[in-house]
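Below are the chains, spelled out letter by letter.
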Amino acid sequence: MKWDQRARVVSALCKEIKSGKLRYDHKFQRRANVWNNKQKSLLIDSIIRGIPIDTIKRTKDDSNTTKIIDGIQRMSTIYSFINNEFKLSADLKPITIDGVTYEIASKKYSDLEPELKESINQLEVVVLTVSECTDTEERIMFQRWNNGSSLTNIQLRNSMESDEVIDAIYELISMPFFEKIMTKAMLKSEVDKESIRQAFMLISLNENETCNFTKKSMDDFIKEYKIDENVITTLK
């Protein structure tokens, strides 16, 4: 395993996202853009005020494509704001820079003064890039980095599953069906992933067997479950 850590300006990272070189779809991460407007607005407010943001961590594969393994909400928020996809909260306070006061409440990126746009685009973010690592090493990194975090049981199961199960779940939740039937809050909590795990559990039952979805039952099942391609076909 190799790693490199350096500062990158936001504008360069956004170019990588636009070109597909930097992606959101790491199998251990939840969906991008699941923060609410208040959370997104506070991040942009912090950036404009010059408050440093946490390190973005990503993995790099053999084709030099990178995927965010930690920091997806921060990076997707910045990218979507620069692309004019949401307005800042109406209750944000004015910001004073070099003696000049700017109003930012209820504004989109296109409404900001050039000086504020520049402060966002030229923000330096520390980016940690990990390369030449196995799936097992990525799983260990994810577990260690989140060791002190308050991850939910659903999120912790991401690191318990085999690579085959993770890939199968990701393939299924990528179908438009889930975004149609689930709320943003449900997607943010990764209820889509958990519903797939529960479906796997139910389908694997033998005749007259029963099961429950307690934490222990789910954890024990997902650690041992082997993917059956017929099940994937059935669920599709």
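Residues numbered from 1 in each chain as written. Predicted model: local features only at pLDDT ≥ 70, side-chain atom pairs only at ≥ 80, totals over all residues. Heavy atoms only, no water.

Regarding helix α7 (residues 163-173), the residues found buried are D163, V165, I166, A168, I169, L172 and I173. Contacts from the buried residues of α7 go to α5 (135-145), α8 (176-181), α10 (191-203), α11 (215-224) and α12 (229-235). (Buried < 20%, exposed > 50% of the residue type's maximum accessible area, 1.4 Å probe, protein only. Helix = DSSP H or I, 4+ residues; strand = E, 2+ residues; numbered from the N terminus. Contact = heavy atoms within 4.5 Å.)

Let us look at the pairing of strand β7 (residues 124-131). In terms of burial, β7 is a largely internal element, six of the eight residues being buried. Pairing of strand β1 (residues 2-9) with β7, which is carried by eight bridges, proceeds in the antiparallel orientation. Following the sheet pairing, Q5 is matched in β7 by L128. (Pairing = 2+ DSSP bridges.)

Residues I78 and I120 are the most contacted members of the largest nonpolar core, which totals 31 residues. Elements with a contribution of two residues or more to this core: α1 (10-19), α2 (37-48), α3 (72-82), α4 (114-121) and β7. For this core, the element with the most residues is α3, which contributes six residues. Sequence-distant contacts of I120, that is, excluding residues within four places in its chain, are made with V10, I44, I47, I48, F81, I82, Y109 and L112. Counting residues in hydrophobic clusters, the runner-up holds 17 residues, among them L187, F221, V231 and I232. (Core = buried A, V, L, I, M, F, W, Y, C linked by side-chain atoms within 4.5 Å.)

So, on to the pattern of salt bridges. Pairs can form between side chains of opposite charge whenever their charged atoms are close. Evaluated as defined, the whole model comprises 17 salt bridges. Measuring nitrogen to oxygen at the nearest pair gives 2.9 Å for the salt bridge that ties R197 to E194. Here the residue R197 and the residue E194 both occupy positions in helix α10, the gap between them amounting to three residues, near one helical turn. Taking relative accessible area as the criterion, R197 reaches 0% and is therefore assigned buried. Because the salt bridges share partners, they merge into one network encompassing R157, E161, E194, R197, K215 and D219. (Salt bridge = Lys/Arg side-chain N within 4 Å of Asp/Glu carboxyl O.)

So, on to the confidence of the model for the protein. Looking at the protein as a whole, its pLDDT mean stands at 88, while 97% of the residues score no less than 70. The secondary structure element of the protein with the lowest average pLDDT is helix α6 (residues 153-156), at 76, and the one with the highest is α2, at 96. (pLDDT = per-residue confidence, 0-100.)

Taken N-terminus to C-terminus, the directions of α10 and α11 make an angle of 75°; their axes are 11 Å apart at the nearest point. As summarised for this structure, α10 and α11 are arranged roughly perpendicular, according to the angle between their axes. Taking contact as the criterion, the partners of E194, R197, Q198, F200 and M201 in α10 are, on α11, S217, M218, F221 and I222. Split by residue class, the contact of α10 with α11 holds five nonpolar, two polar and two charged. (Axes fitted to C-alpha atoms, helices over the stretch in contact; angles between N-to-C directions. Parallel < 35°, antiparallel > 145°, perpendicular 65-115°, else oblique. Nonpolar A, V, L, I, M, F, W, Y, C, P; charged D, E, K, R; others polar.)

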